[in-house]
Amino acid sequence: MTIDQVMALLRQVMPIVGTMLTVFGLSSATANNIVNLIMTGAGPTITLASIIWSFIANTRASIMAAAAKPVAPGVPAPMIVLPPQEAALAQALPANVNTSQTVSVVPK
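What counts, and at which threshold
Residues numbered from 1 in each chain as written. Predicted model: local features only at pLDDT ≥ 70, side-chain atom pairs only at ≥ 80, totals over all residues. Heavy atoms only, no water. Helix = DSSP H or I, 4+ residues; strand = E, 2+ residues; numbered from the N terminus. Buried < 20%, exposed > 50% of the residue type's maximum accessible area, 1.4 Å probe, protein only. Contact = heavy atoms within 4.5 Å. Areas by Shrake-Rupley, 256 points an atom, 1.4 Å probe, with all protein chains shown as cover. Patch = residues over 30% accessible without salt bridge, like charges linked within 9 Å, V, L, I, M, F, W, Y side chains within 5 Å. Salt bridge = Lys/Arg side-chain N within 4 Å of Asp/Glu carboxyl O. Core = buried A, V, L, I, M, F, W, Y, C linked by side-chain atoms within 4.5 Å.

1. Describing the overall build of the protein chain
Here is step 1 of the chain: Helix and strand counts for the protein chain stand at four helices and two strands.
Here is step 2 of the chain: Its helices and strands in sequence order give the protein chain the pattern α-α-α-β-α-β, from N to C terminus.
Here is step 3 of the chain: Buried positions account for 20% of the 108 residues belonging to the protein chain.
Here is step 4 of the chain: Long-range pairs, those at least 24 residues apart, make up 38% of the contacts in the protein chain with a sequence separation of at least 6.
Here is step 5 of the chain: Per element, the accessible surface of the protein chain, about 7,700 Å² overall, is 71% carbon and sulfur.

Encoded structure:
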């Protein structure tokens, strides 16, 4: 787990605690049982979905796929060269993502 993933998890856990405190603080005086049940489950469910989304968005493949996209229409996609250890990842991404085994890297 990377630091970005840990921070994303922390950012997502805080709203869970806030949701639970808000629901339990409000529901006893203002809501019936059905609304109470829905409110108790809705906030944490949505937050759990965003935790999962956060972990998927911070995978190496997702980050490389985002970096391989052109910055604007009409601009060529950047050439990304990964180390040989990531050859499987390079093959699963667009053609502009290669390893140093398949592309000659020339220093300027």
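There is more to say, and it comes next.
2. As for a nonpolar patch on the surface
Here is step 1 of the chain: Together, L48, I52 and I56 make up a nonpolar patch on the protein surface, roughly 290 Å² of accessible area in all.
Here is step 2 of the chain: With respect to the element layout, L48 can be found in helix α2 (residues 33-57).

3. Structural notes on the nonpolar core
Soluble globular proteins: nonpolar side chains tend toward being buried together.
Here is step 1 of the chain: Counting residues in hydrophobic clusters, the biggest one holds eight residues: M64, A68, I80, L82, L89, A90, L93 and V97.
Here is step 2 of the chain: Of all elements in the fold, only β1 (80-82) and α4 (87-92) reach the threshold of two or more residues within this core.
Here is step 3 of the chain: Excluding residues that lie within four positions of it along the chain, V97 makes contacts with A68, I80, L82 and A90.

4. Examining the environment of N96
Here is step 1 of the chain: As for its position among the elements, N96 is in the loop between α4 and β2 (97-99).
Here is step 2 of the chain: C-alpha separation for the pair N96 and P78, spaced 18 residues apart in sequence, amounts to 6.8 Å.
Here is step 3 of the chain: Contacts of N96, omitting those with residues within four sequence positions, involve A68, A77, P78, M79 and I80.

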